[in-house]
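Chain by chain, the residues:
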Amino acid sequence: LRREGFGGPIRVIGDERHAPYDRPPLSKHLLAGKVTAAQIVLHPADDLDVDWHLGRRVTGLDLPTRTLVVEGDDGRTDEPFDGLVIATGATPRTLPGADRLRGVFVLRTLDDSLALGEALAGASRLVVIGAGFIGSEVASTAKSRGVDVTVLEALPVPLARALGERMGGVLGRLHGRNGVDLRCGVGVAALEDDGAGAVRRVRLVDGTAVDADVVVVGVGVRPATDWLDDSGVALADGVLCDEWCRVLDHHGDAVPGVVAAGDVARWQARRFAAPLRVEHWTNAAEQGSFAAGTLLHGGGAGCEPYDPVPYFWSDQYRSKIQFVGHASGEDELAVVEGSLDDDRFVVAYGRDGRLVGALGLNRPARVMAWRARILDGAAFPPPTE
Ligand SMILES: Cc1cc2nc3c(=O)[nH]c(=O)nc-3n(C[C@H](O)[C@H](O)[C@H](O)COP(=O)(O)OP(=O)(O)OC[C@H]3O[C@@H](n4cnc5c(N)ncnc54)[C@H](O)[C@@H]3O)c2cc1C
């Protein structure tokens, strides 16, 4: 907003008490003890002139009066606004009974990461439930700290939703090669305690059990929209937005002066002809920036839509995984650089004769070249070089 020239007052309301910080290190360098909490704090420009309301939770939105209901230690206040950016992110899903046991963690916040790091210091056996990106990164980091790790995944291969089954299977091999026991197609029946309130083992639906001192539940997130339930904002696994990140109401009309960005926002993505919600760092930054522009200049027909080629990375076992674009289970695949048997390759994803994605393992510079080709609307299969 400031970069676009907005000179009015800005309030940022957030329920965490910490100054804003970078989340990706929570499962990587911070959990490994290689950086401190102070080193992952984001440093907004000094002249940002923002009024920070930290440790305060928004519990309601009243659109007719353009007011937020905000609760904190100092009680409840009503906060009027002219413009509103909804950027409440996502909340980890958990499992029944997980909350009442010591030694069971989810990982979303700085506090989660610090608590998990402390628990791992005294642990010898970690069970990670869910082989998504965060679960896989936790497994990798814990292994590097000398902990025995078992990863339990309900689906036949990991990362199938993000990358499709074939490539999920290829990347899942990283676990076994690095001494982590990945078990796919297994259901969790219960978390069992040691009789004194701490987790002792994970019981599987086939009756067997895996011992654990620490359990991380990494079974995905849900968009943080509870506070919007009765607001009139359209919700469908996220806050529904149009192509300019303008928040929609139940009639499908844009609510004036209300935009959304980041993990919470599901916007109409023109390039992929689909409503997309992206749970990755680069999108949060790019969409936040775009949404600020919409708030100031309006958006709508005649303006450029928000139409990025999404990008994410994940660091596991000294390997860098990167993906650009948007994958679906039905995409065609072509290995365009290296070989799947090596630890260095690029695989292109195609749909309806068009290049829609590229996955790289340990090919950082090359993946960005493929992002440019997707932006250019390149054909699939790509010509051989
Ligand atoms: C452990 C971990 C590792 C990750 N690693 C990677 C990675 O390697 N690569 C990558 O691309 N992405 C990664 N991500 C994802 C990336 O961090 C997220 O996509 C990004 O943080 C989303 O930003 P956001 O601002 O939309 O939401 P968030 O970062 O979740 O911020 C939302 C904030 O709003 C607060 N909030 C929620 N509800 C309310 C309310 N009602 N009132 C007040 N405040 C509220 C939340 O507490 C939170 O502080 C990782 C995420 C995690 C958790």
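For the structure itself, consult the block above.
Here the residue numbers are simple positions, counted from 1 along each chain's written sequence. In keeping with the predicted nature of the model, local features appear solely for residues at pLDDT of at least 70, side-chain atom pairs appear and are counted solely at 80 or more, and the whole-chain, interface and lining totals rest on all residues. Side-chain numbers come from the whole structure's heavy atoms, not from hydrogens or water.

## Thoughts on the sheet that holds strand 3 (residues 57-62)
Turning to step 1, where the next piece is worked out: Strands were regarded as paired on the criterion that DSSP finds at least two bridges between them. Labels follow the DSSP assignment, with helices taken as runs of H or I lasting at least four residues and strands as runs of E lasting at least two, numbered in each case from the N terminus. What the three strands build is an open sheet, ordered 3-4-5; its pairing is antiparallel. Each edge of the open sheet is held by one strand with a lone partner, namely strand 3 and strand 5 (75-80). The sheet shows a mean angle of 25 degrees between the axes of neighbouring strands, taken without regard to direction.
Turning to step 2, where the next piece is worked out: Pairing of strand 3 with strand 4 (residues 67-72) involves five bridges; the strand directions are antiparallel. Within strand 4, the residue paired with Gly 60 across the bridge is Val 69. Lines fitted to the C-alpha atoms define the axes, with helices restricted to the stretch that makes contact. Angles between their N-to-C directions range from 0 to 180 degrees.

## What about the pattern of salt bridges?
Turning to step 1, where the next piece is worked out: Any carboxyl oxygen of Asp or Glu that lies within 4 Å of a side-chain nitrogen of Lys or Arg is treated as forming a salt bridge with it. The tally for this structure, following the rule as stated, stands at 28 salt bridges.
Turning to step 2, where the next piece is worked out: In this structure, Glu 79 engages Arg 11 in a salt bridge whose closest nitrogen and oxygen atoms are separated by 2.6 Å. Within this pair, whereas Glu 79 is found in strand 5, its partner Arg 11 is found in strand 1 (residues 10-14), the two being separated by 68 residues in sequence.
Turning to step 3, where the next piece is worked out: Type-normalised accessible area, obtained with a 1.4 Å probe on protein chains alone, sets the label of each residue: buried when under 20%, exposed when over 50%, and partly exposed for intermediate values. For Glu 79, a relative accessible area of 11% corresponds to the buried category.
Turning to step 4, where the next piece is worked out: A salt bridge links Asp 343 to Arg 177; the nearest nitrogen and oxygen atoms lie 2.6 Å apart.

## Some words on the environment of Val 12
Turning to step 1, where the next piece is worked out: Of note, Val 12 is situated in strand 1.
Turning to step 2, where the next piece is worked out: Given the relative accessible area of 29%, Val 12 is considered partly exposed.
Turning to step 3, where the next piece is worked out: For Val 12 and Val 356, which are 344 residues apart along the polypeptide, the C-alpha to C-alpha distance reads 36 Å.
Turning to step 4, where the next piece is worked out: Residues in contact with Val 12, not counting those within four places in the same chain, are Val 50, Asp 51, Trp 52 and His 53. In this analysis, two residues are considered to be in contact whenever any of their non-hydrogen atoms come within 4.5 Å of each other.

## Quick notes on the nonpolar core
Turning to step 1, where the next piece is worked out: Note on terminology: a nonpolar core comprises buried Ala, Val, Leu, Ile, Met, Phe, Trp, Tyr and Cys residues joined through side-chain atoms within 4.5 Å. Ranked by size, the top nonpolar core spans 71 residues in total, and within it Ile 86, Leu 126 and Leu 163 carry the most contacts.
Turning to step 2, where the next piece is worked out: Setting aside its immediate chain neighbours within four residues, Ile 86 contacts Trp 227, Leu 228, Val 239, Val 247, Val 258, Val 259, Ala 260, Ala 261 and Val 264.
Turning to step 3, where the next piece is worked out: Counting residues in hydrophobic clusters, the runner-up holds 15 residues, among them Val 104, Ile 129, Leu 191 and Val 210.

## Looking at the site of the ligand
Turning to step 1, where the next piece is worked out: Around the ligand sit 28 residues, and of these Asp 15, Glu 16, Arg 23, Lys 28 and Arg 108 come closest.
Turning to step 2, where the next piece is worked out: Polar contacts here mean pairs of N or O atoms no more than 3.5 Å apart (in protein, one a potential hydrogen donor and the other a potential acceptor; neighbouring residues in sequence count only if both atoms are side-chain atoms). Lys 28 has a polar side-chain atom sitting 2.6 Å from an oxygen atom of the ligand.
Turning to step 3, where the next piece is worked out: For the ligand, an oxygen atom lies 3.2 Å from a polar atom in the backbone of His 280.
Turning to step 4, where the next piece is worked out: When contributions to the shell around the ligand are tallied by element, the ones reaching two or more residues are strand 3, helix 3 (133-144), helix 6 (281-297) and strand 22 (311-316).
Turning to step 5, where the next piece is worked out: In the scheme used here, Gly and all other residues not listed as nonpolar or charged are polar, with Ala, Val, Leu, Ile, Met, Phe, Trp, Tyr, Cys and Pro taken as nonpolar and Asp, Glu, Lys and Arg as charged. Tallied by class, residues from the shell around the ligand come to twelve nonpolar, six polar and ten charged. Residue proximity to a molecule or strand is established when one non-hydrogen atom of the residue lies within 4 Å of it.

## Here's the deal with the sheet that holds strand 8 (residues 104-105)
Turning to step 1, where the next piece is worked out: With parallel pairing, the five strands of this open sheet are ordered in space as 8-15-9-10-11. Each having just a single partner strand, strand 8 and strand 11 (181-184) make up the two edges of the open sheet.
Turning to step 2, where the next piece is worked out: One ladder, built from four bridges, connects strand 9 (residues 125-129) with strand 15 (residues 214-217); its direction is parallel. Bridge pairing in strand 15 places Val 128 opposite Val 216.

## Topic: the environment of Arg 318
Turning to step 1, where the next piece is worked out: Tracing the chain through its elements places Arg 318 in the loop between strand 22 and strand 23 (319-325).
Turning to step 2, where the next piece is worked out: With 44 residues separating them in the primary sequence, Arg 318 and Asn 362 have C-alpha atoms 9.1 Å apart.
Turning to step 3, where the next piece is worked out: Residues in contact with Arg 318, not counting those within four places in the same chain, are Asn 178 and Asn 362.

## Side note on the side chain of Arg 371
Turning to step 1, where the next piece is worked out: Turning to its location among the elements, Arg 371 is positioned in helix 7 (residues 364-375).
Turning to step 2, where the next piece is worked out: Other than its neighbours up to four places away in sequence, Arg 371 contacts Thr 282, Glu 286, Val 309, Pro 310, Tyr 311 and Val 324.

## Description of the packing of aromatic side chains
Turning to step 1, where the next piece is worked out: Think of it this way: a Phe, Tyr or Trp ring, Trp meaning its six-membered ring, pairs with another when their centres are within 6.5 Å, and the plane angle makes it stacked under 30 degrees, edge-to-face over 60, tilted otherwise. Following the criterion strictly, the structure yields seven aromatic pairs and no others.
Turning to step 2, where the next piece is worked out: Here Trp 281 and Trp 313 contribute two aromatic rings whose centre-to-centre distance is 6.0 Å and whose plane-to-plane angle is 70 degrees, an arrangement assigned as edge-to-face. Of this pair, Trp 281 sits in helix 6 while Trp 313 sits in strand 22, and the two are 32 residues apart along the sequence.
Turning to step 3, where the next piece is worked out: Put simply, the rings of Phe 133, Phe 312, Phe 323 and Tyr 349 pair up and form one aromatic cluster.

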